[in-house]
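Observations on the model geometry
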Amino acid sequence: LLTTSSFSSAKFSLFRKPNTFTINSNILCSESKLAHKLTSLTSEFTSLTQPIDRVKRLLHYASLLPHFADNERIPANRVGGCASQVWVVAEVDERRRMRFRADSDSEISKGFCWCLVWILDGAKPEEVLSVHRDDLANINVGLGMSLKAHSRTNTWHNVLFSMQTAAKGFLL
């Protein structure tokens, strides 16, 4: 496996208004497994009308995140721009498929990480790069314009950005 552990971060603005379900046309055209996973997870979260139910779902997903080795919790794997500590490790396998591992010291952030790993793990680098941050809008917990909601949105964006930065490093 090839690895990369140099991630940069960027700050992004809040997601657009929840319940405006759209998926990037580049993803839909590919009819990939990634697109199916994104559509499935988006449908699941849009069916949860109460923000607390979305939080509970993220907490459930946090419990599904595989163990992350302590020796991978290093500054090179840290995702910048998040209120909590988040780490992402990206690798590419012999079939040129991205393999991601992630962890956080925040349970809600762990839930976000599980969602992104589940969606993007096994995708080609080009597919990872085809995901637009707005494609994740309906998976957002969306607790209004509070500081916590803004922080959660930044976690989504920054983890996705880190995964995409890694994927760029594996393009042929």
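An account of the accompanying structure is given in this report. None of the values given here were measured: they were computed from a predicted structure.

Thresholds, definitions, all that
Residues numbered from 1 in each chain as written. Predicted model: local features only at pLDDT ≥ 70, side-chain atom pairs only at ≥ 80, totals over all residues. Heavy atoms only, no water. Axes fitted to C-alpha atoms, helices over the stretch in contact; angles between N-to-C directions. Helix = DSSP H or I, 4+ residues; strand = E, 2+ residues; numbered from the N terminus. Parallel < 35°, antiparallel > 145°, perpendicular 65-115°, else oblique. Contact = heavy atoms within 4.5 Å. Nonpolar A, V, L, I, M, F, W, Y, C, P; charged D, E, K, R; others polar. Expected span 1.5 Å × (residues − 1). Buried < 20%, exposed > 50% of the residue type's maximum accessible area, 1.4 Å probe, protein only. Arc of directions from axis to C-beta. Salt bridge = Lys/Arg side-chain N within 4 Å of Asp/Glu carboxyl O. Polar contact = N/O pair within 3.5 Å; in protein donor to acceptor, adjacent residues only side chain to side chain.

Side note on the packing of helix α3 (residues 51-64) against helix α4 (residues 107-120)
Two numbers describe how α3 lies on α4: the axes approach to 7 Å, and their chain directions differ by 75°. Taken together, the axis directions place α3 and α4 in an arrangement best described as roughly perpendicular. Packed against α3, whose contacting residues are Val-55, Leu-58, Leu-59, Tyr-61, Ala-62 and Leu-64, the element α4 presents Glu-107, Ile-108, Lys-110, Gly-111, Phe-112, Trp-114 and Cys-115 at the interface. Residues of the contact of α3 with α4, tallied by class, amount to 10 nonpolar, one polar and two charged.

What to know about α3
For α3, spanning 14 residues, the distance from its first C-alpha to its last is 20 Å, which sits close to the expected 20 Å at 1.5 Å a residue. By the burial criterion, the buried members of α3 are Arg-54, Val-55, Leu-58, Tyr-61 and Ala-62. The buried side chains of α3 occupy one side of the element, clustering within an arc of 120° when seen end-on. In α3, the exposed positions that point more than 90 degrees away from the buried face belong to Ile-52, Lys-56 and Ser-63. Packed against the buried residues of α3 are α2 (33-46) and α4.

What to know about the pattern of salt bridges
A side chain of one charge can pair with a side chain of the opposite charge if their charged atoms are brought near each other. If you walk through the whole model with that rule in mind, you get 11 salt bridges. A salt bridge links Asp-121 to Arg-99; the shortest N-O distance between them is 3.1 Å. A residue pair is termed long-range when its members are at least 10 positions apart, and Asp-121 in the loop between α4 and α5 (125-130) and Arg-99 in strand β3 (residues 98-104) qualify at 22 residues. Asp-121 sits in the partly exposed class, given a relative accessible area of 24%. Look at Arg-99 and you get partly exposed, because its relative accessible area is 25%. Taken together, the shared-partner salt bridges in this structure form one network comprising Asp-70, Arg-73, Asp-103, Glu-107 and Lys-110.

Digging into the side chain of Ser-104
Following the sequence through the fold, Ser-104 ends up in strand β3. Residue classification places Ser-104 among the buried residues on the basis of a relative accessible area of 4%. Polar side-chain contacts of Ser-104 include one of 3.5 Å to the side chain of Ser-84. A polar atom in the side chain of Ser-104 sits 2.8 Å from the backbone oxygen of Gln-85. Apart from residues lying up to four places away in sequence, Ser-104 is in contact with Ser-84, Gln-85, Val-86, Trp-87, Ser-109 and Lys-110.

Describing the environment of Ala-166
Mapped onto the elements, Ala-166 comes out in helix α6 (residues 147-169). For Ala-166, a relative accessible area of 2% puts it in the buried group. The sequence separation of Ala-166 and Pro-125 amounts to 41 residues, and the corresponding C-alpha distance is 8.5 Å.

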